[in-house]
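Descriptive structure summary
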Amino acid sequence: MAQAVADPMFLQAIQRGMHGRIGFVAFTWANGEFIPLVPWTLIGSQPEAEQVADRLRAARGMPMLGYAMADPGEVRPWRLGHATDVSGAMDYAIGVSAAAPFASLHQVINICANGIDNVGKGPAPVRDRALEQGLIINGLVLGNREDSEDTAAYFREHVQAGFGSFVIEARAFEDITKAMLAKFVVELAALQPRQRVREGPS
């Protein structure tokens, strides 16, 4: 993600938009735990994009509580089952979106995962709530497990939401940056183009 954010194509896509900048926020999620990686930040220049990329790179050294197995004495069996709470991540993202300090007419939630929801009632109710609020939800399915195709189909049916929404797959680790960048560029292409002021007589 850091490499995608720092790519010049990402900034070019941003600067073609109506305002020439976007609000960006990121968190990681696993087993019902959410860890902020980048707070709400404006990106409209290469230095700002690099600053966000640096925060994402620094996150590699953070303790990822959600990925650690539960303590043997702790009674949380759902963690022992490697819970993939897609609906929980979507719900959390809706809250993060509502707390944005920037006004926006185009709000996109990106959900990255390597499996389907296996906690609670599934993501459909949360997806529908996001639709009611005018949010767009796109997906990035990671990994080359045997069930990856099923996961992508699941995301298209139960997770993606809103006009122009989509799901992208990144099978191999080395494909993630390219898939992430493509996803960002496609999302930004949906923004209204920036109006250019013509100089001189028309």
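An account of the accompanying structure is given in this report.

About the criteria used
- Residues numbered from 1 in each chain as written.
- Predicted model: local features only at pLDDT ≥ 70, side-chain atom pairs only at ≥ 80, totals over all residues.
- Heavy atoms only, no water.
- Helix = DSSP H or I, 4+ residues; strand = E, 2+ residues; numbered from the N terminus.
- Expected span 1.5 Å × (residues − 1).
- Buried < 20%, exposed > 50% of the residue type's maximum accessible area, 1.4 Å probe, protein only.
- Arc of directions from axis to C-beta.
- Contact = heavy atoms within 4.5 Å.
- Pairing = 2+ DSSP bridges.
- Right-handed = clockwise from strand over helix to strand, strands pointing away.
- Core = buried A, V, L, I, M, F, W, Y, C linked by side-chain atoms within 4.5 Å.
- Axes fitted to C-alpha atoms, helices over the stretch in contact; angles between N-to-C directions.
- Parallel < 35°, antiparallel > 145°, perpendicular 65-115°, else oblique.
- Nonpolar A, V, L, I, M, F, W, Y, C, P; charged D, E, K, R; others polar.
- Salt bridge = Lys/Arg side-chain N within 4 Å of Asp/Glu carboxyl O.

1. Here we look at helix 3 (residues 46–58)
- For helix 3, spanning 13 residues, the distance from its first C-alpha to its last is 18 Å, which sits close to the expected 18 Å at 1.5 Å a residue.
- Considered for burial, the residues of helix 3 that qualify are A49, V52, A53 and L56. In an axial view of helix 3, the angular spread of the buried residues amounts to 100°, which keeps them on one side of the axis. Exposed residues pointing more than 90 degrees away from the buried face of helix 3 are listed as P47 and A58.
- Elements in contact with the buried residues of helix 3: helix 1 (2–6), strand 1 (22–30) and strand 2 (33–43).

2. Considerations on the pairing of strand 3 (residues 108–113)
- Side chains I109, I111 and A113 project from strand 3 onto a buried face, and the interleaved V108, N110 and C112 project onto a face without burial.
- Bridge count between strand 3 and strand 4 (residues 136–142): six bridges; the pairing is parallel. Bridge pairing in strand 4 places V108 opposite I136.
- Read from strand 3 through helix 6 (residues 124–132) to strand 4, the crossover connection turns out right-handed.

3. What to know about helix 5 (residues 86–98)
- The end-to-end C-alpha separation of helix 5 is 19 Å, in line with the 18 Å expected for 13 residues at 1.5 Å each.
- Among the residues of helix 5, those classed as buried are V86, S87, G88, A89, M90, A93, I94, V96 and S97.

4. What about the nonpolar core?
- The biggest cluster of nonpolar side chains holds 29 residues, and the ones touching the most others in it are V5, F10, F24, I43 and L56.
- Elements supplying a minimum of two residues to this core: helix 1, helix 2 (8–15), strand 1, strand 2, helix 3, strand 5 (167–170) and helix 8 (176–189).
- Ranked by the residues each element gives to this core, the list is headed by helix 8, at seven residues.
- Setting aside chain neighbours within four positions, we find F24 in contact with M1, V5, V38, P39, W40, T41, I43, V52 and F184.
- Ranked by size, the runner-up nonpolar core spans 20 residues in total, among them V86, M90, V126 and A161.

5. Thoughts on the packing of helix 2 against helix 8
- Orientation of helix 2 relative to helix 8, taken along the N-to-C sense of each, is 10°, at an axis distance of 9 Å. With respect to each other, helix 2 and helix 8 are oriented roughly parallel. Within the contact between the two elements, helix 2 uses M9, F10, A13 and I14 and helix 8 uses L181, F184, V185 and L188.
- Across the contact of helix 2 with helix 8, the residue classes break down as eight nonpolar, no polar and no charged.

6. Thoughts on the pattern of salt bridges
- Using the criterion set out here, one finds six salt bridges in the structure.
- Taking the shortest distance from any N to any O, the salt bridge between R57 and D54 comes out at 3.0 Å. In this pair, R57 and D54 both sit in helix 3, three residues apart, roughly one turn of the helix.
- In this structure R57 comes out as partly exposed when scored by relative accessible area, which is 38%.
- Here D91 and R129 are joined by a salt bridge, their closest N and O atoms 2.3 Å apart. You can see D91 sitting in helix 5 and its partner R129 sitting in helix 6, a full 38 residues away along the chain.
- Relative accessible area serves as the criterion here: at 36%, D91 is assigned to the partly exposed category.

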